[in-house]
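# Secondary and tertiary structure notes
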Amino acid sequence: MLKNQVEKYLATQDGSVELPNVMKEYAKQQGLIEGKDAKVIDSGSLFAQAYIERGDKETEDFLGKESFDFLEQPITYFKDRKNEFMYIESKWFDLIGVDAVSFEKDEVFGTYDVMLGLKRQKKLAPAIKVYLEQHLREDGYDLLFDGDEGIWSLNFALNGLEGYKESLTIKEAFSLIYDFLFRMVESIEQK
């Protein structure tokens with residue numbers, strides 16, 4: 001599925017194509033960018049076209065739509081505003097079969113939580129769990145398959161990712177999250 005998605009995306013691009021570094025490496029490895037001028041998107045602009053909004057954690061009320069500039073905030077923004085969460089949709093997430101991603105600070109455990117929908121078959125559960133157990137530190141994860149929706153609900157702590165530090169901006173955190181998710185999807189499809 002990942003290879004097909006990347007291939008379809010590349011087919012829609014004329015001339016030079018810009019890709020996230022992790023996707024460029026994958027496309028090169030799969031022989032998908034031969035004959036194309038492929039450049040790496042600056043991770044800082046990866047989510048420039050994303051839909052971003054903030055909401056209230058208790059009521060899920062809409063608090064505001066945000067521009068790309070909002071991602072320049074440090075992740076501690078959510079430490080200071082414990083009642084808020086962020087929701088982001090991006091074509092880059094769509095390409096890897098990830099539904100929108102939500103992000104918030106967990107008051108109880110003190111972690112920065114990442115919540116998303118993963119569009120993969122139920123039979124891939126063992127491969128998904130192996131990847132998560134191998135690549136997340138002690139903060140763990142929650143994984144549940146919704147049979148009605150046909151989608152995995154995945155929650156994990158940003159704190160468990162290699163490269164995490166509390167001084168990250170939201171933009172840097174989402175680049176880290178994207179790389180992690182891309183590599184996970186690549187890994188589970190190789191099983």
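The numbering scheme is per chain: residues are counted from 1 as the chain's sequence reads. Totals for whole chains, interfaces and linings use every residue, but because this is a predicted model, local features are given only for residues with pLDDT of at least 70 and side-chain atom pairs only at 80 or more, for both listing and counting. To obtain the side-chain values, all non-hydrogen atoms of the structure were used and water was disregarded.

## Quick word on the overall build of the chain
Convention followed: Starting at the N terminus, helices and strands are each numbered in turn, a helix being any DSSP run of H or I of at least four residues and a strand any DSSP run of E of at least two. Here the globule rule is a power law, 2.2 Å times the number of residues to the power 0.38, and the radius of gyration is based on C-alpha atoms. Each residue is assigned to one of three classes by its accessible area relative to the maximum for its type, calculated with a 1.4 Å probe on protein chains only: buried under 20%, partly exposed between the two thresholds, exposed over 50%. Contacts: residue pairs with any heavy atoms within 4.5 Å of one another.
Along the backbone of the chain there are six helices and nine strands. In summary, the chain has a C-alpha radius of gyration of 17 Å against a globular reference of 16 Å for 191 residues, a match within 12%. In terms of overall dimensions, the chain has C-alpha extents of about 50 × 35 × 30 Å along its principal axes. Put simply, the chain has 191 residues, and 48% of those count as buried. Within the chain, counting contacts between residues at least 6 apart in sequence, those at least 24 apart form 56% of the total.

## Some remarks on unusual backbone geometry
The backbone of E60 shows a phi angle near 60°, a positive value even though the residue is not glycine. Mapped onto the fold, E60 is located in the loop between strand 3 (51–56) and strand 4 (62–66).

## Regarding the sheet that holds strand 9 (residues 151–157)
Hydrogen bonds between backbone groups are what pair the strands of a sheet, and the pairing can be parallel or antiparallel. Definition in use: At least two bridges found by DSSP between two strands are what make those strands a pair. Fitting a line to C-alpha atoms yields each axis, with helices limited to the stretch in contact; the angle taken between N-to-C directions then spans 0 to 180 degrees.
On the basis of which strands lie adjacent, the open sheet formed by seven strands has the order 4-3-5-6-7-9-8 and antiparallel pairing. For this open sheet the edge positions go to strand 4 and strand 8 (141–146), each flanked by a neighbour on one side alone. Here the strands of the sheet are splayed against their neighbours by 20° on average, with no regard to which way each runs. Summarising the sheet, strand 3 and strand 4 pair through four bridges and their orientation is antiparallel. Counterpart to I52 in the pairing with strand 4 is E66. Sitting on the sheet, helix 5 (residues 125–135) touches strand 7 (112–118), strand 8 and strand 9, and the angle it makes with strand 8 is about 165°. In the packing of helix 6 (residues 170–190) onto the sheet, the strands contacted are strand 5 (84–89), strand 6 (98–105), strand 7 and strand 9, and the crossing angle to strand 9 comes to about 130°.

## A word on the packing of aromatic side chains
Stated precisely, the cut-off is as follows: Between 30 and 60 degrees the pair is tilted, below 30 it is stacked and above 60 it is edge-to-face, where a pair is any two Phe, Tyr or Trp rings, Trp via its six-membered ring, whose centres lie within 6.5 Å. Two conditions define a charge sitting above a ring: the NZ of Lys or the CZ of Arg must be within 6 Å of the ring centre, and it must be within 35 degrees of the ring normal.
Per the stated rule, a full pass over the model turns up 18 aromatic pairs. Measuring from centroid to centroid gives 6.4 Å for F47 and Y178, while their planes differ by 75°, and the two rings are edge-to-face. Of this pair, F47 sits in the loop between strand 2 (37–40) and strand 3 while Y178 sits in helix 6, and the two are 131 residues apart along the sequence. The burial state of F47 is the same as that of Y178; both residues are buried. Taken together, the ring pairs in this structure connect Y26, F47, F70, Y77, F78, F93, F103, Y112, Y164, F174, Y178 and F182 into an aromatic cluster. The ring of Y112 is capped by K105, whose NZ or CZ atom sits 4.2 Å from the centre of that ring.

## Quick notes on the nonpolar core
Here is the rule: The nonpolar core is taken to be a set of buried Ala, Val, Leu, Ile, Met, Phe, Trp, Tyr and Cys residues, with the residues joined through side-chain atoms within 4.5 Å.
Core analysis: the biggest nonpolar cluster contains 62 residues, and M86, F103, F156, L158, F174, Y178 and L181 have the highest contact counts within it. No other element matches the eleven residues that helix 6 contributes to this core. Setting aside anything within four residues of it in sequence, one finds M86 in contact with I52, E53, R54, F70, L71, F78, V101, S102, F103, I170 and F174.

## Focus on the environment of L95
Its location among the elements puts L95 in helix 4 (residues 91–95). You can call L95 buried: its relative accessible area is 10%. For the pair L95 and T12, spaced 83 residues apart in sequence, the C-alpha to C-alpha distance is 13 Å. In contact with L95, not counting residues within four places along its chain, are L2, Q5, Y9 and M23.

## Points about helix 1 (residues 2–11)
The line we're drawing: Directions pointing from the helix axis toward each C-beta atom define the arc.
Along helix 1, the positions that sit buried rather than exposed are L2, V6, Y9 and L10. Burial along helix 1 is one-sided: seen end-on, the buried residues are contained in an arc of 100°. What points out from helix 1, more than 90 degrees from its buried face, is the exposed set K8 and A11. The inward-facing, buried residues of helix 1 contact strand 1 (16–19), helix 2 (21–29), helix 4 and helix 6.

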